Amino acid sequence: MESTGTEQVKQAINAEFERRKRSVYGLCGYYAGLVLRHFRARQAGNTYWENRTNLAKDTVFSKAFKEGEDVLGFFLAHTVEYGVYLELANNRQNEALRPIINEYLPQFKKHLERLYTR
C-alpha cells in the first residue's frame, strides 16, 4: 500500500499536467482567433487573391481542437470547395493559410515553451 505522501505527490503531478493541458488548449483557441483575424485583415485588401464574391474570404474559419487525451492544436481552413485551388494553384502562388500559420508558429512555440518551463 502506498503512503499518503506518495499519493499526494501523484495527485499533484496529475493536477499540474491537467492544468497545463487546459492552458495549451486555451492557447490554441487564442491562436485560432489570431490567425483568422490576420487572414481576414489581409484578404480584405485582396492580398492573396482577388475577391470576386467574398465567399471564400468570408467563410475561412479557424478552430482549436482536441483529439483523444494527448493531441491539441488549431487550424485555419476554407469551407468552399475551390479553396484547394486558391491554395495550391500555380505552385501555391496565392496561398494564404499555410504562410499565416507558419508566420505565427515561432510565437506559438515560445508560448508553449513558457507553459512547460515554469
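Here the structure is a predicted model, which is why all the values come from computation and not from measurement. (Residues numbered from 1 in each chain as written. Predicted model: local features only at pLDDT ≥ 70, side-chain atom pairs only at ≥ 80, totals over all residues. Heavy atoms only, no water.)

## Brief notes about the confidence of the model for the protein
Thought 1: For the protein, mean pLDDT is 93; residues scoring 70 or higher make up 98% of the total.
Thought 2: When mean pLDDT is compared element by element in the protein, strand β1 (residues 61-67) scores highest at 97, while helix α3 (residues 83-92) scores lowest at 93. (pLDDT = per-residue confidence, 0-100. Helix = DSSP H or I, 4+ residues; strand = E, 2+ residues; numbered from the N terminus.)

## Quick notes on the pairing of β1
Thought 1: Bridging between β1 and strand β2 (residues 71-77) involves seven bridges; their strand directions are antiparallel. Bridge pairing in β2 links Phe65 to Gly73.
Thought 2: Linking β1 to β2, which pair antiparallel, is a turn of three residues; within it Gly68 sits at a positive phi near 65°. (Pairing = 2+ DSSP bridges.)

## As for the pattern of salt bridges
Thought 1: A complete count under the given rule lists eight salt bridges for this structure.
Thought 2: Of the charged contacts, one joins Glu69 and Lys21 as a salt bridge, the two residues approaching to 3.2 Å between their closest N and O atoms. One end of the pair, Glu69, is in the loop between β1 and β2; the other, Lys21, is in helix α1 (residues 4-43), and 48 residues separate them in sequence.
Thought 3: For Arg92, the salt bridge goes to Glu95, with nearest N and O atoms at 3.2 Å.
Thought 4: Residue Glu95 is classed as buried on the basis of its relative accessible area of 13%.
Thought 5: One network of salt bridges, with partners in common, ties together Glu16, Arg19 and Arg20. (Salt bridge = Lys/Arg side-chain N within 4 Å of Asp/Glu carboxyl O. Buried < 20%, exposed > 50% of the residue type's maximum accessible area, 1.4 Å probe, protein only.)

## Focus on a nonpolar patch on the surface
Thought 1: Together, Leu55, Tyr82 and Tyr85 make up a nonpolar patch on the protein surface, roughly 330 Å² of accessible area in all.
Thought 2: Within the secondary structure, Tyr85 is located in helix α3.
Thought 3: Overall, Tyr85 belongs to the exposed group, its relative accessible area being 56%. (Patch = residues over 30% accessible without salt bridge, like charges linked within 9 Å, V, L, I, M, F, W, Y side chains within 5 Å. Areas by Shrake-Rupley, 256 points an atom, 1.4 Å probe, with all protein chains shown as cover.)

## Things to note about α3
Thought 1: If you check which residues of α3 are buried, you get Gly83, Leu86, Glu87 and Ala89. Down the axis, α3 shows its buried residues gathered within 165° of arc, on one side only. Facing away from the buried side of α3 by over 90 degrees, the exposed positions are Val84 and Tyr85.
Thought 2: Summarising the contacts, the buried residues of α3 are in contact with α2 (55-59) and α4 (97-116). (Arc of directions from axis to C-beta. Contact = heavy atoms within 4.5 Å.)

## Examining unusual backbone geometry
When glycine is set aside, most residues are seen to have a negative phi, and most peptide bonds are trans.
Thought 1: The phi angle at Asn54 is positive, at roughly 70°, despite the residue not being glycine.
Thought 2: Inspection of the secondary structure puts Asn54 in the loop between α1 and α2.
Thought 3: The class of Asn54 is partly exposed, set by a relative accessible area of 32%.

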